[in-house]
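Tertiary structure, described
Here is what each chain is made of, one letter per residue.
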Amino acid sequence: MPQPQSGVHFLQIPGPTNVPERVLRAIDRATMDHRGPAFAPLTREIQELIRPVFATAGPVVIYPASGTGAWEAALVNTLSPGDRVLMAETGWFASLWSKLAGRLGLEVEILPGDWRHGVDPEAIAARLEADAGRTIKAVAIVHNETSTGVTSRVAEVRAAIDRAGHPALFLVDTISSLASIDYRHDEWGVDVTVGGSQKGLMLPPGLAFNAVSNKALAASRTAKLPRSYWAWDEMLESNRDGYFPYTPATNMLYGLREALHMLHEEGLPNVFARHARHGEATRRAVRGWGLEILALDPREYSNTLTALLVPEGSDADALRATILEHFDMSLGTGLGKLKGKVFRIGHLGSFNDLMLAGTLCGVQMGLELVGIPHGDGVSPALAYLATEGAPALAGV
Ligand SMILES: *Cc1c(COP(=O)(O)O)cnc(C)c1O
């Protein structure tokens, strides 16, 4: 058992992330009548504020659910039993989504991967070109694979689908990249974008999203997988008047409105630049420690989390347990086949330079305590933060 600690707990897992005070205060209000007249303006304001976050002019469906619900919604609204779905094994989350698709009665074809690379656009193009009968109905990928710290190049996957001239729907999970890493639903021709509240959106777990293209809407009119709770049609119809077909998570919506205001006040390009800077500083720390970044292709380094390998013979979970016990910091565990070999540093959401500095210090002290040989990673990271594009604070 960790000792009781004073000061703040460092929640440096790659989601759920730290919820800012402003969002906590916004949620901490009396529950309102979700069928009353004051509710519709809230729904409309959220719809206005959330579209730019997905970079879409189209509708964004909001479910009271974890991200997994939005995975299911994306599939059941657009596909029919036995439809073929092409997926890519980028890691734990891609594997879970493919398992879910199989359980729904879809025919899943998975491009194998080594959990150290993102989706290979060439492999997608080759597979689609070979699909002369156009039996593949959807390509479904994870933008930012949270188990490995690898970000796939979605625009290049879109270009690959276009090169093959293939009509498949394009479904993308952005649960750990949305509002942290540049993402463009409309421009990249994505048909359903899947999101969740508890990562870049700085909210507690409990809301999940589908941004929906016109092509996806058209597909939903003929798709035959059974759906009720997840059905877009009733949701979109109610949303048009500012309401929901069933009770929405009203207090979470207050929080969502506040989080969206915060993102727009900072400016989305600044939000993306902040995450890029913290990603780079973290990678400099890893190199200083002499440890290995799991992601192998620098084009695919994730700016929301870094997964790193501990040396052969060391146990990443023992390191995490020591850091929790001594310094009250939670780091992400290795998932699936990476268990014990990898730990993950989350650097996304409501986060700043000194929080990252504290995080990296905690890791370095943990390495010292468990006796993993290491160099100094903190100094190069701090030197980078101090000199490279340190952001001016608003109002200073
Ligand atoms: C967190 C996460 C999920 C799962 O979301 P839940 O809210 O736990 O259901 C799915 N995909 C990715 C990429 C994630 O990071």
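Cut-offs and rules
- Residues numbered from 1 in each chain as written.
- Predicted model: local features only at pLDDT ≥ 70, side-chain atom pairs only at ≥ 80, totals over all residues.
- Heavy atoms only, no water.
- Helix = DSSP H or I, 4+ residues; strand = E, 2+ residues; numbered from the N terminus.
- Rg over C-alpha atoms; globule rule 2.2 N^0.38 Å.
- Buried < 20%, exposed > 50% of the residue type's maximum accessible area, 1.4 Å probe, protein only.
- Contact = heavy atoms within 4.5 Å.
- Pairing = 2+ DSSP bridges.
- Right-handed = clockwise from strand over helix to strand, strands pointing away.
- Core = buried A, V, L, I, M, F, W, Y, C linked by side-chain atoms within 4.5 Å.
- Domains from an automatic or database assignment.
- Near = heavy atom within 4 Å.
- Polar contact = N/O pair within 3.5 Å; in protein donor to acceptor, adjacent residues only side chain to side chain.
- Areas by Shrake-Rupley, 256 points an atom, 1.4 Å probe, with all protein chains shown as cover.
- 1 Å grid on protein atoms, 1.4 Å probe; cavity = no way out; pocket = protein on both sides within 12 Å on 5 of 7 lines; lining within 4 Å.
- Sits in = over half its atoms within 2 Å of the grid points.
- Nonpolar A, V, L, I, M, F, W, Y, C, P; charged D, E, K, R; others polar.
- Points joined across faces, edges and corners; volume = space filled by probe spheres on them.
- Buried area = accessible area lost by both parts, 1.4 Å probe.
- Salt bridge = Lys/Arg side-chain N within 4 Å of Asp/Glu carboxyl O.

Observations regarding the overall build of the protein
Helix and strand counts for the protein stand at 13 helices and 14 strands. The C-alpha atoms of the protein give a radius of gyration of 21 Å, which matches the 21 Å a tight globule of 396 residues would have. With the principal axes as the frame, the protein shows a C-alpha extent of 60 × 55 × 40 Å. When each of the 396 residues of the protein is scored for burial, the buried share is 57%. Here the analysis covers contacts within the protein between residues at least 6 apart in sequence; of these, 74% occur between residues at least 24 apart.

Some thoughts on the pairing of strand E4 (residues 107-111)
Pairing geometry for strand E3 (residues 84-88) and E4, over 5 bridges, is parallel. Note on E4: the bridge partner recorded for Ala-88 is Leu-111. Following the chain from E3 across helix H4 (residues 92-103) to the adjacent parallel E4, one finds a crossover that is right-handed.

As for the nonpolar core
Counting 68 residues, the largest nonpolar core has Trp-97, Leu-201, Phe-209, Trp-232, Leu-253, Leu-256 and Leu-260 as its most contacted members. The element best represented in this core is helix H9 (residues 250-266), accounting for 8 residues. Of the domains in this structure, domain 1 (10-17 + 268-386) and domain 2 (21-264) are the two that each give at least three residues to this core. When residues no more than four places from it in sequence are discounted, the contact partners of Leu-256 are Ile-46, Ile-50, Ile-62, Leu-201, Leu-203, Leu-207 and Phe-209. Grouped together as the second largest cluster of nonpolar side chains are 28 residues, Ala-285, Tyr-301, Met-329 and Tyr-384 included.

Some words on the site of the ligand
Close to the ligand lie 13 residues; Ser-66, Thr-68, Thr-146, Asp-173 and Lys-199 are nearest. Interatomic distance of 2.4 Å between a side-chain N/O atom of Thr-146 and an oxygen atom of the ligand. In the complex, 87% of the free accessible area of the ligand, which totals 380 Å², lies under the protein chains. Given that more than half its atoms are within 2 Å of the pocket grid, the ligand belongs to the second largest pocket. Tallying contributions element by element places helix H3 (residues 67-78) first for the shell around the ligand, with 3 residues. Its residues assigned to classes, the shell around the ligand shows 4 nonpolar, 7 polar and 2 charged.

Brief notes about the layout of surface pockets
One number sums up the size of the second largest pocket: a volume of about 270 Å³. Lining the second largest pocket are 19 residues, with Phe-93, Thr-146, Ile-175, Gln-198 and Lys-199 sitting closest to its centre. Its residues placed into classes, the lining of the second largest pocket shows 8 nonpolar, 8 polar and 3 charged. Mapping the lining of the second largest pocket onto the domain boundaries places at least three of its residues in each of domain 1 (10-17 + 268-386) and domain 2 (21-264).

So, the domain arrangement of the protein
Partitioning the protein into structural domains gives domain 1 (10-17 + 268-386) and domain 2 (21-264). Its C-alpha centre places domain 1 at a distance of 27 Å from the equivalent point of domain 2. Contact residues are listed per partner, giving 31 residues for domain 1 and 32 residues for domain 2. Overall, the association of domain 1 and domain 2 removes approximately 2600 Å² of surface from exposure, summing both partners, and the carbon and sulfur fraction of that is 60%. Summed over the three residues of domain 1 that lose the most area to domain 2, namely Leu-268, Phe-272 and Glu-300, the buried surface amounts to 25% of that side. Counting every contact that joins domain 1 to domain 2 gives 2 salt bridges. In this structure, the salt-bridge partner of Arg-116 is Glu-292, at a minimum N-O distance of 2.8 Å. Our count for the domain 1 to domain 2 interface comes out at 14 residue pairs in polar contact (both at pLDDT 80 or more). When residues of the side of domain 1 that touches domain 2 are traced back to their parent elements, those giving at least two are helix H10 (268-289), strand E11 (292-293) and strand E12 (305-309). By residue number, the principal contributor to the side of domain 1 that touches domain 2 is H10, which donates 4 residues. A per-class count over the side of domain 1 that touches domain 2 returns 16 nonpolar, 9 polar and 6 charged.

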